Amino acid sequence: MANTPRILLVDDDKNIRETLGLVLRKEGYDVVVVSSSKEAIEENKKSQFTLLITDLKLPDIDGVQLISAVRKTNPETLAIIITAHAGLESAIRAIRLGAYDYIQKPFKMEEILLTVKRALQHAELLRQNVYLKRELKDKYHPDNIVGTTPGMLRTFDLIRKVAGTNVTVLIRGESGTGKELAARAIHHMSQRGNGKFVPLSCGALPETLLESELFGYEKGAFTGAVSRKPGLFEMADGGTLFLDEIGDLSPSTQIKVLRVLQEREFQPVGGVKQIKVDIRLISATNKDLEKAAKDGKFREDLYYRLNVVTIELPPLRERKDDIPLLVQHFLKQFSKSSQNLPRGSTGSFASSKTVSKPAMALLTNYSWPGNVRELENVLERAMVLGTGDTITPEDLPEGLVVDELARTNQSIVEPLNFKKARDEFEEQFLRKILDICGGNISEAARKSGISRRYFHQKIKKYKIY
Ligand SMILES: Nc1ncnc2c1ncn2[C@@H]1O[C@H](COP(=O)(O)OP(=O)(O)OP(=O)(O)O)[C@@H](O)[C@H]1O
Ligand SMILES: [Mg+2]
């Protein structure tokens, strides 16, 4: 099994080597046993181990040095050091240098097995952590923003341009158009990429909570403030603060945010000292902030501060050509994440699926009020619920099918709209009555019960004469 933990056991004591080796193998681990550091280093060159268990005192190189040699080539390898009482100090030094734990001789087998188990669990968590971090970085890599339509190309261009600067950016777009994705892409491409990206949705919290979240508070600032809490402005220092739904800020918070933008410093709730911060602010809104500013609902001065550069994300219905690309992108992403899931997680997706032509037609024609997020959810649902290798219309939510029916019916109903029908009738009527009256307009007008002038206008409109 590829995921069986591999253990390298090093001890010059034949007895320990044999019994411990046996016990560990019985637990199902893949164990390599050697009696010297030199051999251990050779083994480590050949392949990587999850865990190194080594005696402190070895005939050639001691255990502490062995650990650092092994971790130099394979930093993920965890180490446990076995020591007699006399070596305790060295064992502690080994831990300072990165060993996971130590075991004192004489030890009980249960004791060492427990330590090994804990170390392996720790290794697994580290592995998952690395995986998740890579996954997150990949997801927000600018290359993973899909789009080839002109509106999106303009957006990418802007993202690239602003990433190289420190300017404040306002991202506008309907819900689910990728505002946060764009903000993260700017952050990752910028020089602050290694700093933190700190997101906050301004609409999600009541005013006082939002302020203590943003600016933090000092110990004792209010009942319950038992210790100092740094705010998000402070946590984003050196990185990017992303304020989503900025249009929901209350007037009093608007003034405070404006002040931070102007002075690049702020005061925590209940604090007296000003704290200086170096952040880039990116904000996002799905509201018409310009109008809100004109109507006095949002501070105009703050609006201008936020809006140094605007990035507009077009709704998905205005860039339907991107839909097939997005579909491929998400299907690939879902199957990738089902293959690479950390051990212990359950992957429920088939490895890869295709989309049938009629299903793709439905996906392309739908109006997507929830934009890319809705598309992503629909596909995820189809991946989970669908049984075959192909996504068919049956795997898609009813809403898409109903929408398509309405759309196709509309094309039949459309020429029969009321005004058109009335005009057609009017024209036929006028022709008929004129025919009956031998082309005499005055008589035809009288017979129809309308004025001569009005009759004249109508026949002109339909170019009857
Ligand atoms: N162009 C794109 N390419 C690939 N994935 C995208 C694209 N746009 C959006 N997504 C994905 O769609 C989902 C929604 O995007 P995001 O959260 O950035 O939208 P939003 O505009 O912030 O939405 P809301 O207004 O609801 O907060 C995310 O999973 C994101 O990765
Ligand atoms: Mg968002």
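Structural data are supplied above this passage.
So, here is what we can say about the structure in this document. This is a predicted model, so every value here is computed, not measured.

1. A look at helix H2 (residues 37-46)
Considered for burial, the residues of H2 that qualify are Ser37, Ala40 and Asn44. The buried residues of H2 occupy an angular sector of 55° when projected down its axis, which confines them to one face. Turned more than 90 degrees away from the buried face of H2, the exposed residues are Glu42, Lys45 and Lys46. Close packing links the buried residues of H2 with strand S1 (6-10), strand S2 (30-34) and helix H3 (63-73).

2. Regarding the sheet that holds strand S3 (residues 51-55)
Sheet architecture is open: 5 strands sit in the order S2-S1-S3-S4-S5, paired in parallel fashion. Of all strands in the sheet, those bounded by a partner on one side alone are S2 and strand S5 (101-104). Averaged over all pairs of adjacent strands, the angle between their axes in this sheet comes to 20°, without regard to strand direction. As paired elements, strand S4 (residues 78-83) and S5 share 4 bridges and run parallel to each other. By the bridge assignment, isoleucine 81 is partnered in S5 with tyrosine 102. Across the sheet, H2 is in contact with S1 and S2; its angle to S1 comes to roughly 160°. Contacts from H3 reach S1, S3 and S4, with the element oriented near 160° to S3.

3. Focus on helix H14 (residues 357-365)
Residues Ala359, Leu362 and Leu363 constitute the buried set of H14. For H14, the arc enclosing every buried residue in end-on projection is 95°, short of the 170-degree limit, so these residues lie on one face.

4. Here's the deal with the site of ligand 1
Close to ligand 1 lie 18 residues, the nearest being Val146, Gly178, Lys179, Glu180 and Val372. Among the secondary structure elements, those contributing two or more residues to the shell around ligand 1 are helix H7 (179-189), helix H13 (323-339) and helix H15 (371-385). Each residue belonging to the shell around ligand 1 can be placed in one class, and the counts come to 5 nonpolar, 8 polar and 5 charged. Residues lining the shell around ligand 1 come from more than one domain, with at least three contributed by each of domain 2 (142-314) and domain 3 (320-414).

5. Concerning the environment of arginine 17
Relative to the assigned elements, arginine 17 resides in helix H1 (residues 14-26). With 406 residues separating them along the chain, arginine 17 and aspartate 423 place their C-alpha atoms 99 Å apart. Sequence-distant contacts of arginine 17, defined by excluding residues within four places in its chain, comprise Leu9, Asp11, Val33 and Ser35.

6. As for the packing of H3 against helix H4 (residues 88-96)
Their axes nearest at 9 Å, the elements H3 and H4 cross at an angle of 15°. Taken as axis vectors, H3 and H4 run roughly parallel relative to one another. You can see that H3 and H4 cross each other, and the crossing is right-handed. Each of Gly63, Val64 and Ile67 in H3 lies in contact with H4, whose residues at this interface are Ser90, Arg93 and Ala94. Taken together, the residues of the contact of H3 with H4 break down into 3 nonpolar, 2 polar and 1 charged.

Here is what the cut-offs are and how they apply
- Residues numbered from 1 in each chain as written.
- Chains lettered and ligands numbered in written order.
- Predicted model: local features only at pLDDT ≥ 70, side-chain atom pairs only at ≥ 80, totals over all residues.
- Buried ≥ 20, exposed ≤ 12 C-beta atoms within 10 Å, placed from the backbone.
- Helix = DSSP H or I, 4+ residues; strand = E, 2+ residues; numbered from the N terminus.
- Arc of directions from axis to C-beta.
- Contact = placed C-beta atoms within 7 Å.
- Pairing = 2+ DSSP bridges.
- Axes fitted to C-alpha atoms, helices over the stretch in contact; angles between N-to-C directions.
- Near = placed C-beta within 6 Å.
- Nonpolar A, V, L, I, M, F, W, Y, C, P; charged D, E, K, R; others polar.
- Domains from an automatic or database assignment.
- Parallel < 35°, antiparallel > 145°, perpendicular 65-115°, else oblique.
- Left-handed = near helix turned anticlockwise from the far one by under 90°.

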